[in-house]
Structure formats: C-alpha cells, structure tokens
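Reading the structure
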Amino acid sequence: VMQSEAERIRLLNWDALSALPNDATTLSLADALNNRALKNGNIVVTRTISNVSGYTNMKEVRLVATWRSIDGLQRTRIIQFRYTKGGVYDYYST
C-alpha cells in the first residue's frame, strides 16, 4: 500500500509534488487498491510533505501506515524519502 503511494508520488513532476498539501493528510487508498483491510478502515495511511532545512529545492515525503494487529497491538510502518527539483524523479514523469 505504502510502496504504491511512494511510486505514485515519484512519478509526479516538481510542480505537482509542490501542489500537494504539506500537512499530514490521511490518504483514501481504498478505491485504488482492492484490499479489504483498507476498505474497512483497519489500515490508515497518512502522508506528510515537508521542506528540508537548508535546501530550497528539496522535499521530504513521509508515509505512515498504522493498524491494530490480531493481538491488539498498535503497529506502525514508515516510508520516508526525499525528492529534489531537477533530480532523477523530477525528470521521469508521465
């Protein structure tokens, strides 16, 4: 789930990435993926995009998935990466 969102973001150009909200945003991925856990709201994925201190043309993207496992414990997984204007991802857009 998170890897799919990370790859979707990597395919955006700089202007499209910059247009996304910086605040933590809960993603609605249930329509994009056929996954019962997502559709039932058992897995919540949030995206945060922030500026990187000291680098005006760099953004940090953080995806956080949280869910409660069968044993009742709260679980969290994080994917974090940086996107640079004019970098390799900025040139590879559709």
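Up top is the structure these notes are about.
Cut-offs applied
Residues numbered from 1 in each chain as written. Predicted model: local features only at pLDDT ≥ 70, side-chain atom pairs only at ≥ 80, totals over all residues. Heavy atoms only, no water. Helix = DSSP H or I, 4+ residues; strand = E, 2+ residues; numbered from the N terminus. Buried < 20%, exposed > 50% of the residue type's maximum accessible area, 1.4 Å probe, protein only. Contact = heavy atoms within 4.5 Å. Areas by Shrake-Rupley, 256 points an atom, 1.4 Å probe, with all protein chains shown as cover. Core = buried A, V, L, I, M, F, W, Y, C linked by side-chain atoms within 4.5 Å. Phe/Tyr/Trp six-rings, centres within 6.5 Å; stacked < 30°, edge-to-face > 60°. Pairing = 2+ DSSP bridges. Arc of directions from axis to C-beta. Salt bridge = Lys/Arg side-chain N within 4 Å of Asp/Glu carboxyl O.

This part covers the overall build of the chain. Across its full length, the chain holds four helices and four strands. Seen in sequence order, the chain has helices and strands lined up from the N terminus as α-α-β-α-β-β-β-α. Considering the chain as a whole, with its 94 residues, one finds that 31% of them fall into the buried category. Within the chain, residue pairs in contact and separated by at least 24 positions form 48% of the contacts whose partners lie at least 6 positions apart. Put simply, the chain shows about 6,200 Å² of open surface, and 49% of that area lies on carbon and sulfur atoms.

Membership of the largest hydrophobic core comes to 16 residues, with the highest contact counts inside it found for Ile9, Leu17, Val61, Leu63, Ile79 and Phe81. Beyond its immediate sequence surroundings of up to four residues, Leu63 is in contact with Met2, Glu5, Ala6, Ile9, Leu27, Thr46, Arg47, Arg77, Ile78 and Ile79.

Scanning the model with the defined rule gives one aromatic pair in all. For the ring pair Trp14 and Tyr83, a centre distance of 5.9 Å and an interplane angle of 35° mean the geometry is tilted. Of this pair, Trp14 sits in helix 2 (residues 14-19) while Tyr83 sits in strand 4 (residues 74-84); the two residues are 69 residues apart in sequence, bridging distant segments of the chain. For the pair Trp14 and Tyr83, a shared accessibility class is recorded, and that class is buried.

Within a sheet, adjacent strands bond to each other through the backbone by hydrogen bonds, running parallel or antiparallel. Pairing in this open sheet of four strands is antiparallel, and the strands run 1-2-3-4 from one edge to the other. Each edge of the open sheet is held by one strand with a lone partner, namely strand 1 (25-26) and strand 4. Two strands pair when backbone bridges link them, and strand 3 (residues 55-68) and strand 4 are joined in this way by eleven bridges, in the antiparallel orientation. Bridge assignment links Arg62 to a residue of strand 4, and that residue is Gln80.

Listed in full, the buried residues belonging to helix 1 (residues 2-10) are Met2, Glu5, Ala6, Ile9 and Arg10. Along the axis of helix 1, the buried residues cluster in a sector spanning 140°; they form a single face.

The next point concerns the environment of Val45. Structurally, Val45 can be placed in strand 2 (residues 43-52). Under the relative-accessibility criterion, Val45 is labelled buried at 2%. Counting along the chain gives 20 residues from Val45 to Ala65, while the straight-line C-alpha distance between them is 4.3 Å.

For the rest of this paragraph, the subject is the pattern of salt bridges. On inspection of all chains with the given rule, the structure shows five salt bridges. Between Glu5 and Arg8 there is a salt bridge; the shortest N-O distance is 3.0 Å. Of this pair, Glu5 and Arg8 both sit in helix 1, three residues apart, roughly one helical turn. Overall, Glu5 belongs to the buried group, its relative accessible area being 4%. Take Arg8: its relative accessible area is 38%, and that puts it in the partly exposed class. Among the salt bridges present, the one from Glu60 reaches Arg82, with a minimum N-O distance of 3.1 Å. Taken together, the residues span a long stretch of sequence, with Glu60 in strand 3 and Arg82 in strand 4 at a distance of 22 residues. Look at Arg82 and you get partly exposed, because its relative accessible area is 46%. A single network of salt bridges, built from pairs that share partners, joins Glu5, Arg8 and Arg47.

Remember that the coordinates give geometry; whether it matters functionally is a separate question.
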